[in-house]
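Summary of the model geometry
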Amino acid sequence: MGDFANKSIVSNSSGVPSSALCHRDTTVIQMVFPLLYTLVFLLGLVLNSLAFWAFFHIPSTSTFIVYLKNILVSDFIMTLMLPLKILTDSGLGPWQLKAFVCRFSAVVFYDTMYISIVLLGLIAFDRFLKIVRPFGKFWVQNLTAAKILAGLVWLFFFVLSLPNMILSNKKATPQSVKKCASLKNYFGLKWHEAVNYICQLIFWTVLILMLLFYIIIAKKVYESYIKTQKKDKKSKQRIKGKVFIIFTVFFLCFAPFHFSRVPYTLSQTTTQMDCRMQNQLFVAKESTLWLAATNVCMDPLIYMFLCKPFVEKVLCRRVKTFQKTVHTNPNTELDTRMTATES
Ligand SMILES: Nc1ncnc2c1ncn2[C@@H]1O[C@H](COP(=O)(O)OP(=O)(O)O)[C@@H](O)[C@H]1O
């Protein structure tokens, strides 16, 4: 890349920082990611359709199921946004479609991502309360409260991201649509930056709280085994695995994206950054964003492992066998509180 291209050119007449003269190198993105996203789209569509069918038959009898249903809707919307990204990244769609992606579908994609993140956090909190206060009813353990809370999460992210759509109002050209930031006016870029920092804060807060909740849950589970003096190693392993499945999925899918997002957002908004570095940060952001998108395939695994009514619906068999084992020993009882058979 030439010297000229390697220098990020910054100010324009309105004083808006821009990297307009740094050519965005989309070779890798164009070749690899459409295929990877197609894979996620197809798998996500199949798994989430199956989950939709199953949850359609499951009444919302617990706060856990309420949150899972909301995650399902959020994942489904995210899955539906993927074909637009595939078409524009591969260059198969017209350039005008990229403007639509920047202004609308990418924003919805991010919205659903953070809605899922917060709802997964609420699930962890819900399980935590079930373990530490099995008999006490805290207001958030109430079914209506859970529905309202989930609704507020949707509303919050919708309001937060609306300006990202509205303020992307600069004239779109085949060149400018390559970077969504160049469609934004001064306030649009500032809002975009602020939203990204708010979302970073939300993610890391949820991650730390989740870790705390699960450490306490694991401690409780362990204490329960010590108390009952049962040396059933296999079962112990199973419960420990269950406790950490949400956290593991959460960390693997979302942490890499949040590490790469900060420097990338800086590259979109700051005044000086080497052009090659800008392109490397873009590739890093796109790769980790793909990882975040794989969450739409991971969440159905959570339903499988943790939501018994879901497994019962999908597999239909072994229900009776399972029901017989529940409540026969205190460990299974604790396990039950972590999953979702009760209201
Ligand atoms: N966390 C977020 N919440 C809502 N909208 C976002 C978020 N992050 C980015 N966006 C919006 O999504 C669109 C695409 O952003 P981005 O991925 O940063 O652009 P690019 O595709 O050029 O890398 C932009 O309109 C941006 O403002």
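About the thresholds
Residues numbered from 1 in each chain as written. Predicted model: local features only at pLDDT ≥ 70, side-chain atom pairs only at ≥ 80, totals over all residues. Heavy atoms only, no water. Helix = DSSP H or I, 4+ residues; strand = E, 2+ residues; numbered from the N terminus. Buried < 20%, exposed > 50% of the residue type's maximum accessible area, 1.4 Å probe, protein only. Areas by Shrake-Rupley, 256 points an atom, 1.4 Å probe, with all protein chains shown as cover. Polar contact = N/O pair within 3.5 Å; in protein donor to acceptor, adjacent residues only side chain to side chain. UniProt positions renumbered as here; feature names shortened; annotations may be inferred. Core = buried A, V, L, I, M, F, W, Y, C linked by side-chain atoms within 4.5 Å. Contact = heavy atoms within 4.5 Å. Expected span 1.5 Å × (residues − 1). Disulfide = S-S within 2.5 Å. Near = heavy atom within 4 Å. 1 Å grid on protein atoms, 1.4 Å probe; cavity = no way out; pocket = protein on both sides within 12 Å on 5 of 7 lines; lining within 4 Å. Sits in = over half its atoms within 2 Å of the grid points.

1. Observations regarding the overall build of the protein chain
The helix and strand tally for the protein chain stands at 13 helices and zero strands. Each helix and strand of the protein chain, ordered N terminal to C terminal, gives the series α-α-α-α-α-α-α-α-α-α-α-α-α. Within the protein chain, buried positions represent 51% of all 343 residues. Total accessible area on the protein chain is roughly 16,700 Å²; 71% of this is exposed by carbon and sulfur atoms.

2. Remarks on the side chain of Lys 179
Within the secondary structure layout, Lys 179 lies in the loop between α6 (143-166) and α7 (186-228). Look at Lys 179 and you get buried, because its relative accessible area is 12%. At 2.8 Å, the side chain of Lys 179 and the backbone oxygen of Cys 22 are in polar contact.

3. Quick look at the UniProt feature "transmembrane region" (unreviewed entry) in the protein chain
If you check UniProt for "transmembrane region" (unreviewed entry), the listed places come out as residues 35-55, 67-87, 107-125, 146-166, 194-218, 239-259 and 289-311 in our numbering. A distance of 32 Å separates the end C-alpha atoms of residues 67-87, which is 100% helix and 0% strand. Within residues 107-125, the helical portion is 100% and the strand portion 0%, while the C-alpha atoms at the span's ends are 27 Å from each other.

4. Re the nonpolar core
Considering soluble globular proteins, one finds that nonpolar side chains tend to be buried as a cluster. Counting residues in each nonpolar core, the largest one holds 77 residues, and the members touching the most others are Met 113, Phe 157, Ile 246, Phe 250 and Phe 254. Counting residues per element, this core draws most heavily on helix α5 (residues 95-132), at 16 residues. Beyond its immediate sequence surroundings of up to four residues, Ile 246 is in contact with Leu 120, Ile 123, Met 210, Tyr 214, Ile 302 and Leu 306. Counting residues in each nonpolar core, the second largest holds five residues, with Ala 99, Cys 102, Ala 172 and Val 177 among its members.

5. Comments concerning α7
With 43 residues, α7 should cover 63 Å at 1.5 Å per step; its first-to-last C-alpha distance of 63 Å lies within 8% of that length. If you check the start of α7, you find a side-chain oxygen 3.1 Å away from the backbone N of Phe 187, and it comes from Asn 185.

6. Some thoughts on the state of the cysteines
Counting across every chain of the model gives two disulfides. Linked covalently through their sulfurs, Cys 102 and Cys 180 form a disulfide whose S-S length is 2.1 Å. Disulfide Cys 102-Cys 180: torsion about the S-S bond near -75 degrees, hence left-handed. Placement of Cys 102 in helix α5 and of Cys 180 in the loop between α6 and α7 is noted, with a sequence separation of 78 residues between them.

7. As for the site of the ligand
Residues in close proximity to the ligand total 20 residues, the closest being Cys 102, Tyr 110, Arg 261, Tyr 264 and Lys 285. Between the ligand and Asn 196, the relevant distance is 3.5 Å, taken from a nitrogen atom to a side-chain nitrogen or oxygen of the residue. In this structure, an oxygen atom belonging to the ligand sits 2.7 Å away from a side-chain N or O atom of Lys 285. Its free accessible area being 560 Å², the ligand has 96% of it covered by the protein chains. Using a 2 Å cut-off from the grid points, one finds that the ligand occupies the largest pocket. Residue assignment for the shell around the ligand shows that the elements contributing at least two residues are α5, α6, α7, α8 (233-269) and α9 (275-293). Element by element, the count of residues in the shell around the ligand is highest for α5, at five residues.

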